[in-house]
There are 2 protein chains.
Amino acid sequence: MGSAAGAPTHARRRAGRPPQAVLSSARITKAALKLVSADGYKGLTMAALAKSLNVAPSALYNHVRSKQDVLLLVEDHLMGRVDVTAFGVEPWAEAVKIWAHSYRNVFAAHLPLIPVIALLPVTNAPATITMYEAVTKGFLAAGWPSDSIIDAVVALESFIYGSAYDVNAPADIFDAGSLAPQAPHFAAAVTQRSNPGGQSDANAAFTLGLSAMIAGLLATSTRVSDTE
Amino acid sequence: MGSAAGAPTHARRRAGRPPQAVLSSARITKAALKLVSADGYKGLTMAALAKSLNVAPSALYNHVRSKQDVLLLVEDHLMGRVDVTAFGVEPWAEAVKIWAHSYRNVFAAHLPLIPVIALLPVTNAPATITMYEAVTKGFLAAGWPSDSIIDAVVALESFIYGSAYDVNAPADIFDAGSLAPQAPHFAAAVTQRSNPGGQSDANAAFTLGLSAMIAGLLATSTRVSDTE
DNA sequence: ACCTGAACACCGTTCAAGT
DNA sequence: ACCTGAACACCGTTCAAGT
């Protein structure tokens, strides 16, 4: 699909025309990702996107209905980078860990997409649907009852989205400053955190929470069979 | 604190002046909340905020450095609505559930504040620090080792933030549409979800994930004593 | 069908000038 | 110290006009 995106389909037009700027969803997605890589999401404006594609901003609206549509294109592209290969190969708990780590790491670098993933229907997001299909099959193979799979996946995803934010939290996010004397137990707990500051904090909390949720899901589930 | 916000402190000025529009953090917070209640976060602009306070937009910048500061004021105010009263009264697991439900429900109605909570330091956010102090004391009372309390709280919060988004997801978010035939297992799991569509889905996933994480934290913790 | 150019209705923020 | 008024540098989006 989309393989002929670069091929002009109007060869019957007479020659001698100025070269046509052939826009497409694929080219828009690629250009958007390049802008984000260079300048972050503040650099992803419709004007900048159009400029990078050598068209007028209004030309974009022949291919997307809104900037939200552009974000959905980028989101779906990135969902293809989430590693689902462990499902059906590794034991369920291990596969979930690999998937969750990959999922969090991909979107920790794309925080503005989290509301897009969390709130927009998956319709016309093929890579996202493919990801969910692989995950569902992994749960089914582990004997998960099918009426609770989506709830379990949603719970895990909720934790993953929140954890993606946490990756980007500054090291001093829990520094109470001058108000520390009024919250002595909290301030002490922050100080006594295993390795306070830095990204290792986010990893410690993520690993702890993920292990806990996986263990809890295993304990409360009514799975029929198990590949572990 | 802030009790004299409405009282003019320049009584020595001679009379006969036009009435002064006394701005303050408290008045800005209240006006911002009112705008959000009326129109949502799209209605919270610096211009609208200024208008509702009968000042020029530029006047706001004598009290806040940016719109982010306004959002932080609102966030801290709302954090005071999170119910922490169960800590030290109910058993730990029950107290966490009450706190988590309250926390999620407060911010499900204020999604744009989630990046603010997740990424901005708690310095000068007194209600937020007060909330963390109560939670920390609840964990300590349940025998939680102090070097793992913050990680556990961060893990729970990450899940809460993601779940707040999920409350606002449309009922058809997992409708694959025309792509359903390419993801048969996923589409079937969506159909077989206990009560597909509506907000009860979000509640089912939230309850499942929260129970799992609490059970998992209890199982893997090295708590010394326990009030349960 | 797809693009251009101009315009529209906004944003958050700055700053000289007032009192 | 705190406010006004004007301006700045943007945004996303629309639409008549072209080819």
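All residue numbers here refer to positions counted from 1 along the written sequence of the relevant chain. Working convention: letters from A go to chains and numbers from 1 go to ligands, in the order in which they are written. Owing to the predicted nature of the model, reporting of local features is limited to residues with pLDDT of at least 70; listing and counting of side-chain atom pairs is limited to 80 or more, with chain, interface and lining totals taken over all residues. No hydrogens and no water enter the side-chain calculation; it runs on all heavy atoms of the structure.

Caption draft 1: Looking closely at the packing of aromatic side chains. Residue and element names in this part refer to chain A. Here is the rule: rings of Phe, Tyr and Trp (six-membered ring for Trp) pair when centre to centre is within 6.5 Å. Planes less than 30 degrees apart are stacked, more than 60 are edge-to-face, and the remainder are tilted. As enumerated under the stated definition, the model contains 25 aromatic pairs over all chains in all. Aromatic rings pair up to connect F87, W92, W99, Y103, F107, F139, W144 and Y161 into one cluster. Two thresholds decide whether a charge sits over a ring: the Lys NZ or Arg CZ must be within 6 Å of the ring centre and within 35 degrees of the ring normal. The ring of F206 is capped by R104, whose NZ or CZ atom sits 4.4 Å from the centre of that ring.

Caption draft 2: Structural detail: the UniProt feature "domain: HTH tetR-type" (unreviewed entry) in chain A. With numbering aligned to this structure, UniProt lists the feature "domain: HTH tetR-type" (unreviewed entry) at residues 22-82 of chain A. Along residues 22-82 of chain A, the helical share is 57% and the strand share 0%, with 30 Å between the first and last C-alpha atoms. UniProt positions are given in the numbering used here, feature names are shortened, and annotations may be inferred rather than shown by experiment. The helix count covers DSSP runs of H or I at least four residues long, the strand count covers runs of E at least two residues long, and both are numbered beginning at the N terminus.

Caption draft 3: Spatial organisation of the environment of A109 of chain A. Residue and element names in this part refer to chain A. Locating A109 in the fold gives a position in the loop between α4 (92-108) and α5 (114-119). Classification of residues uses two cut-offs on accessible area relative to the type maximum, computed with a 1.4 Å probe and protein chains only: under 20% is buried, over 50% is exposed, and between them is partly exposed. A residue is classified by how much of its surface remains accessible, and A109, at 53% relative accessible area, is exposed. Sequence separation between A109 and G162 is 53 residues, and the spatial gap between their C-alpha atoms is 13 Å.

Caption draft 4: Region of interest: the relation of the copies chain B and chain A. Least-squares fitting of chain B to chain A yields an RMSD of 0.0 Å, with the transformation described by 0.0 Å of translation along the axis and a rotation of 180°. The superposition operator between the copies reduces to a two-fold rotation axis. When you check the interface residues of chain B against chain A, 100% turn up at the interface there too, and the contact is symmetric in its surfaces. The superposition of copies rests on a least-squares fit of C-alpha positions from residues with pLDDT of 70 or more in both. By definition in these notes, contact holds between two residues if any of their heavy atoms fall within 4.5 Å.

Caption draft 5: Representation of the nonpolar core in the model. Throughout, nonpolar core names a set of buried Ala, Val, Leu, Ile, Met, Phe, Trp, Tyr and Cys residues whose side chains join them through atoms within 4.5 Å. W99, Y103 and F139 of chain A together with W99, Y103 and F139 of chain B are the most contacted members of the largest nonpolar core, which totals 159 residues. Apart from residues no more than four positions distant in its own chain, W99 of chain B is found in contact with V82, D83, V84, F87, M131, V135, V153, L156, E157 and I160 of chain B.

Caption draft 6: Geometry of the interface of chain B and chain A. On the chain A side, the residues contacting the 63 residues of chain B number 63 residues. Buried surface at the junction of chain B and chain A, both sides included, amounts to about 5300 Å², of which 71% is carbon and sulfur. Salt bridges, as used here, are contacts in which a Lys or Arg side-chain nitrogen is within 4 Å of a carboxyl oxygen on Asp or Glu. A salt bridge links D151 of chain B to R193 of chain A; the shortest N-O distance between them is 2.8 Å. We define a polar contact as two N or O atoms separated by no more than 3.5 Å, with the added condition that, inside protein, one atom must be a possible hydrogen donor and the other a possible acceptor, whereas residues neighbouring each other in sequence contribute only through side-chain atom pairs. Joining chain B to chain A, the criterion identifies 13 residue pairs in polar contact (both at pLDDT 80 or more). Counting only elements with at least two residues in the side of chain B that touches chain A, the list comes to α5 (114-119), α6 (126-141), α7 (146-167), α8 (184-191) and α9 (199-220) of chain B. Of the residues forming the side of chain B that touches chain A, the biggest block, 15 residues, is contributed by α7 of chain B. Each residue is assigned to one class: nonpolar for Ala, Val, Leu, Ile, Met, Phe, Trp, Tyr, Cys and Pro, charged for Asp, Glu, Lys and Arg, and polar for all the others, Gly among them. Of the residues belonging to the side of chain B that touches chain A, the class tally is 37 nonpolar, 16 polar and ten charged. Note: buried area is the sum, over both parts, of the accessible area (probe 1.4 Å) each one loses when the two are combined.

Caption draft 7: Quick look at the side chain of T128 of chain B. Residue and element names in this part refer to chain B. Looking at where T128 falls in the secondary structure, it is placed in helix α6. Judged by relative accessible area, T128 falls into the buried class, the value being 2%. Within the structure, the side chain of T128 is placed 2.7 Å from the side chain of D76, a separation counted as a polar contact. Residues within four places of T128 in sequence aside, it is in contact with E75, D76, M79 and V122.

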